[in-house]
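Each chain, letter by letter, is given below.
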Amino acid sequence: AVDGVGKRSLRVRHKNMAVLYFRAVRMEWRPRPAGKNILPNADEMKQAVKDRAAAPDAEWSVRLEDLGDYRMHTTFVTPPIDRKGLYCVAASLCRDFRDMDSVLVLQFVVSDLVLMSRTVDGVAEVTASSGETGTRLAGASIEVYRHDWQKGHKKLQTETTDAEGRARISLVDGPRNSYFMFASFGDDEALDQHLMLPYHNSREPPEPTTALVYTDRTVYRPEQTVFYKVVAYKGSRANARFGTLPGTEIEVELRDGNYQVVAADKLRTNDFGSASGSFKIPAGRLLGRWSIQTSLGGSAQVAVEEYKRPSFELKLDDPKEPLRLNRRAAFEGEVRYYFGLPVTSGHVEWRVSKEPVFPRWWC
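Remember, predicted model here, so these are calculated numbers, not experimental data.

(A) Region of the structure containing the overall build of the protein. Scanning the protein from N- to C-terminus turns up one helix and 25 strands. In terms of principal-axis extent, the alpha carbons of the protein reach across some 100 × 75 × 35 Å. Across the 363 residues of the protein, 34% fall into the buried class. For the protein, long-range pairs separated by at least 24 residues make up 61% of all intrachain contacts whose partners lie at least 6 apart in sequence. When the accessible surface of the protein is summed, it comes to about 24600 Å², and 49% of that surface belongs to carbon and sulfur atoms. Computed over 52 positive and 48 negative side-chain charges, the inter-centroid distance for the protein is 3 Å.

Written as structure tokens, this is what we have:
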């Protein structure tokens, strides 16, 4: 948990409790010896509370609302801590904290410094801001460390934020290493345990290429012609830069429902990176979901079905009277051709089915 001085920082979920006692002990959080976590673990924090039982940095209690309803309730607690830093906050039902097995502990950082990091153009960009006002902080110190639990965490680099509160971190390091950073600004301190730094390889990976595929329709009958268009492009979402590929050779395949190649074309894109063509769907093939795929990776799905275009429309009106159990039901409707005239000599088949309907509270 991280928050500023005098804030409602701690949330307590409780049931059937009248009072809860707290103690806070200030701890050091600079990178510690080999074999240790970045921050103290639960056993270390409990030992610190036990060692400082006579003189904790802060001690207080909170009376909890007990309505006697045996339900969970929430109470927000404001720690009476006026000195910034890393604290171990312990909570117990006993005033003297004699039973450490039933004591809950957590890491609590009192600081106004907020760190945000992202990757921009292959470089990690860290922004330091004030949590109270959101103002960017110029002159904040950013220390970058590499995780090493065997030999001890190693400090690699120190940067200072510029006038816009930003610092750019670029390290040539191993691809499997992990990092964290420690920042300070005046008496405010902050820690980011999972700093993601890009790995700089000597060989830059090629930009991915793919294609967008469009068809004139989505459903076809056998022996109809599929007209398609392909737009080849390169780029990635990470850098948000895309561009078409003019003058590029591309292979386009029509595959049936068994993923077998039915037809293929070799095209070259024009000055705008696009190309177009057509395939005729042969008869006698498996119906269903077909696809048009390109050698660059893009594809489009189409359906091949044996269907006859309807020439009339049936409309069934709602019953004029409510339906009753064991009573005759009457429905009215009409059938009309799409050009407007009624169907006067049609044959109608109908079927009545029922299904159980349960109220929402039943499920």
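(B) Examining the packing of aromatic side chains more closely. For the structure shown, the criterion picks out five aromatic pairs. Arranged with centres 5.2 Å apart and planes meeting at 5°, the rings of Tyr145 and Phe180 form a pair that is stacked. Taken together, the residues span a long stretch of sequence, with Tyr145 in strand E10 (residues 141-146) and Phe180 in strand E13 (residues 179-185) at a distance of 35 residues. According to the relative accessible area criterion, Tyr145 is buried, its value standing at 7%.

(C) Here's a closer look at the pattern of salt bridges. Per the counting criterion, the structure on display carries 15 salt bridges. Between Arg285 and Asp256 there is a salt bridge, and its shortest N-O distance comes to 3.0 Å. Remark: Asp256 occurs in the loop between strand E19 (249-255) and strand E20 (261-268) and Arg285 occurs in the loop between strand E21 (274-280) and strand E22 (288-294); sequence separation between them is 29 residues. The exposure class of Arg285 is partly exposed, given its relative accessible area of 36%. In this structure, the salt-bridge partner of Lys320 is Glu332, at a minimum N-O distance of 3.6 Å. Residue Lys320 is found in the loop between strand E24 (312-316) and strand E25 (333-337), and its partner Glu332 is found in the loop between E24 and E25; the two are separated by 12 residues along the sequence. Ionic contacts of the salt-bridge type, sharing partners, join the residues Glu125, Glu164, Arg166 and Arg168 into one network.

(D) Expanded view of the sheet that holds strand E16 (residues 219-220). On the basis of which strands lie adjacent, the open sheet formed by five strands has the order E16-E23-E22-E19-E20 and mixed pairing. A strand with exactly one partner marks an edge of an open sheet, and here the two such strands are E16 and E20. Taken together, the six bridges between E22 and strand E23 (residues 299-304) define a ladder with antiparallel strand orientation. Within E23, the residue paired with Gln293 across the bridge is Ser299.

What counts and how
- Residues numbered from 1 in each chain as written.
- Predicted model: local features only at pLDDT ≥ 70, side-chain atom pairs only at ≥ 80, totals over all residues.
- Heavy atoms only, no water.
- Helix = DSSP H or I, 4+ residues; strand = E, 2+ residues; numbered from the N terminus.
- Buried < 20%, exposed > 50% of the residue type's maximum accessible area, 1.4 Å probe, protein only.
- Contact = heavy atoms within 4.5 Å.
- Areas by Shrake-Rupley, 256 points an atom, 1.4 Å probe, with all protein chains shown as cover.
- Lys, Arg positive; Asp, Glu negative; His and termini not counted.
- Charge placed at Lys NZ, Arg CZ, Asp CG, Glu CD.
- Phe/Tyr/Trp six-rings, centres within 6.5 Å; stacked < 30°, edge-to-face > 60°.
- Salt bridge = Lys/Arg side-chain N within 4 Å of Asp/Glu carboxyl O.
- Pairing = 2+ DSSP bridges.

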